[in-house]
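Report on the structure
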Amino acid sequence: KRGVWAVYFGPYTSNGDQQMGVGMGGAITAVLDLLTANLAMLYAGGVAPTASISVKMSRPALPVPGLFKAEAWVEREEK
């Protein structure tokens, strides 16, 4: 299964102080948590809470405010 979402990062999700900056890591991680939990719920057919999430920011989310495309998919299932 694969999920594709449109995500809007508004001015309150920016690291900028007086001017707009890049997407705040906490906001990005919260969105990723929501996306993966939604996909897991669809895949499992029930509630699928996140046990742990770790995000490595490899490049900035620009421009903020802005609209972003987010994708998530199930690659394999571990038992």
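Presented here is a report on the structure given in the accompanying data block.

**Section: helix α1 (residues 25-44)**
Compared with the 28 Å implied by 1.5 Å per residue over 20 residues, the 28 Å span of α1 between its first and last C-alpha is a close match. Listing the buried residues of α1 in full gives A27, I28, V31, L35 and L39. Here the buried residues of α1 occupy an arc of 105° about the axis, which is enough to place them on one side. Buried-residue contacts for α1 involve β1 (2-9) and β2 (66-73). One or two steps after α1, the chain reaches G45, where phi turns positive at roughly 75°.

**Considering the side chain of T13**
With respect to the element layout, T13 can be found in the loop between β1 and α1. A distance of 2.7 Å separates a polar atom in the side chain of T13 from the backbone oxygen of G10. Not counting residues within four places of it along the chain, the set of residues in contact with T13 comprises V22, G23, M24, A27 and V64.

**Section: the nonpolar core**
Core analysis: the biggest nonpolar cluster contains eight residues, these being V7, F9, I28, V31, L35, A61, V64 and A70. Secondary-structure elements contributing two or more residues to this core are β1 and α1. Element by element, the count of residues in this core is highest for α1, at three residues. Apart from the residues lying within four places of it in its own chain, the contact partners of L35 are W5 and A70.

**Things to note about the environment of P63**
Tracing the sequence through the fold places P63 in the loop between α1 and β2. Overall, the relative accessible area of 56% leaves P63 in the exposed class. As a C-alpha pair, P63 and M20 span 43 residues in sequence and 8.3 Å in three-dimensional space.

**Overview of unusual backbone geometry**
Cis geometry is adopted by the peptide bond preceding P63, which originates at L62 and carries an omega value of -15°. In this chain, V64 is followed by P65 through a cis amide linkage whose omega measures 0°. Looking at the element boundaries, P65 is found in the loop between α1 and β2.

**What to know about the side chain of S14**
Tracing the sequence through the fold places S14 in the loop between β1 and α1. Here S14 falls in the buried class, since its relative accessible area comes to 10%. Setting aside residues no more than four positions away along its own chain, S14 makes contact with M20, G21, V22, M24 and V64.

Cut-offs and rules
- Residues numbered from 1 in each chain as written.
- Predicted model: local features only at pLDDT ≥ 70, side-chain atom pairs only at ≥ 80, totals over all residues.
- Heavy atoms only, no water.
- Helix = DSSP H or I, 4+ residues; strand = E, 2+ residues; numbered from the N terminus.
- Expected span 1.5 Å × (residues − 1).
- Buried < 20%, exposed > 50% of the residue type's maximum accessible area, 1.4 Å probe, protein only.
- Arc of directions from axis to C-beta.
- Contact = heavy atoms within 4.5 Å.
- Polar contact = N/O pair within 3.5 Å; in protein donor to acceptor, adjacent residues only side chain to side chain.
- Core = buried A, V, L, I, M, F, W, Y, C linked by side-chain atoms within 4.5 Å.

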